[in-house]
Amino acid sequence: MSRIGRMPIAIPAGVTVEIAENNKVTVKGPKGTLERVLPSAMEIKVEGTEVLVSRPNDLKKMKSLHGLTRTLIHNMVVGVTEGFEKKLEVNGVGYRAAKGGKKLTLNLGYSHPVEMEDPEGIETVVEGQNIIIVKGIDKEKVGQFAAEIRDKRRPEPYKGKGIKYADETIRRKVGKTGKK
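Residues numbered from 1 in each chain as written. Predicted model: local features only at pLDDT ≥ 70, side-chain atom pairs only at ≥ 80, totals over all residues. Heavy atoms only, no water.

Chemist: I'd like to hear about the overall build of the protein chain, residue by residue, with values.
Modeler: Tallying secondary structure elements over the protein chain gives 3 helices and 13 strands in all. Whereas a compact globule of 180 residues would reach a radius of gyration of roughly 16 Å, the protein chain reaches 21 Å, over 25% beyond that. Based on the C-alpha atoms only, the size of the protein chain along its principal axes is roughly 70 × 45 × 25 Å. Taking all 180 residues of the protein chain together, the buried fraction comes to 34%. In the protein chain, the share of contacts with a sequence separation of at least 24, taken over all contacts with a separation of at least 6, comes to 50%. About 11200 Å² of surface is accessible on the protein chain, with carbon and sulfur atoms providing 49% of the total. (Helix = DSSP H or I, 4+ residues; strand = E, 2+ residues; numbered from the N terminus. Rg over C-alpha atoms; globule rule 2.2 N^0.38 Å. Buried < 20%, exposed > 50% of the residue type's maximum accessible area, 1.4 Å probe, protein only. Contact = heavy atoms within 4.5 Å. Areas by Shrake-Rupley, 256 points an atom, 1.4 Å probe, with all protein chains shown as cover.)

Right, dumping it as structure tokens:
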């Protein structure tokens, strides 16, 4: 049995969870509202101050959807209460990040500055010149936008220049050595 799928999701105070037909789940909280259509095979019930997810049978597909459905609802609840954030670091000589309005401007050693617009529901904050924090209530969108920023200049293994996640470690390589 799915250990994660069986766990009940506690609904904190100030959060409402509504389940419409076709398993359309709406979670409202202090930070905003999230909606998502989840697999219709799963049974989602609100009982008092918790949400329970159960599966109809033990087929492999149902087992895999069970834990996924529960985690997606849990992420929605955490998103509307606390929100999610990803921290990125810009490393390299002359590499910097700046914020103007809803535009994030990155100088990454190209002949032109790279400009990125904040998507709907996502906010970027620049601390100093080399730390970018991506914040939002939707975990998926936060992760996706952080990945898009990182893709503008991925960290390279020789000097470690580029944009990396704060918790990421770069496997370093040894450079060329001269002849004797």
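Chemist: Explain the packing of aromatic side chains to me, using residue names and the numbers behind them.
Modeler: Using the criterion set out here, one finds 0 aromatic pairs in the structure. We note Arg153 situated over the ring of Tyr110; from NZ or CZ to the ring centre the distance is 4.3 Å. (Phe/Tyr/Trp six-rings, centres within 6.5 Å; stacked < 30°, edge-to-face > 60°. Lys NZ or Arg CZ within 6 Å of the ring centre and 35° of its normal.)

Chemist: Provide a residue-level description of helix H3 (residues 139-151), including the pertinent values.
Modeler: The end-to-end C-alpha distance of H3, which contains 13 residues, comes to 18 Å, matching closely the 18 Å that a straight helix rising 1.5 Å per residue would cover. Listing the buried residues of H3 in full gives Val142, Phe145, Ala146, Ile149 and Arg150. Along H3, the residues classed as buried sweep out an arc of 140° about the axis, all on the same side. Looking at the packing, one finds that the buried side of H3 touches strand S7 (84-91), strand S9 (103-107), strand S10 (114-117), strand S11 (122-127), strand S12 (131-136) and strand S13 (162-165). (Expected span 1.5 Å × (residues − 1). Arc of directions from axis to C-beta.)

Read these as geometric descriptors, not functional statements.
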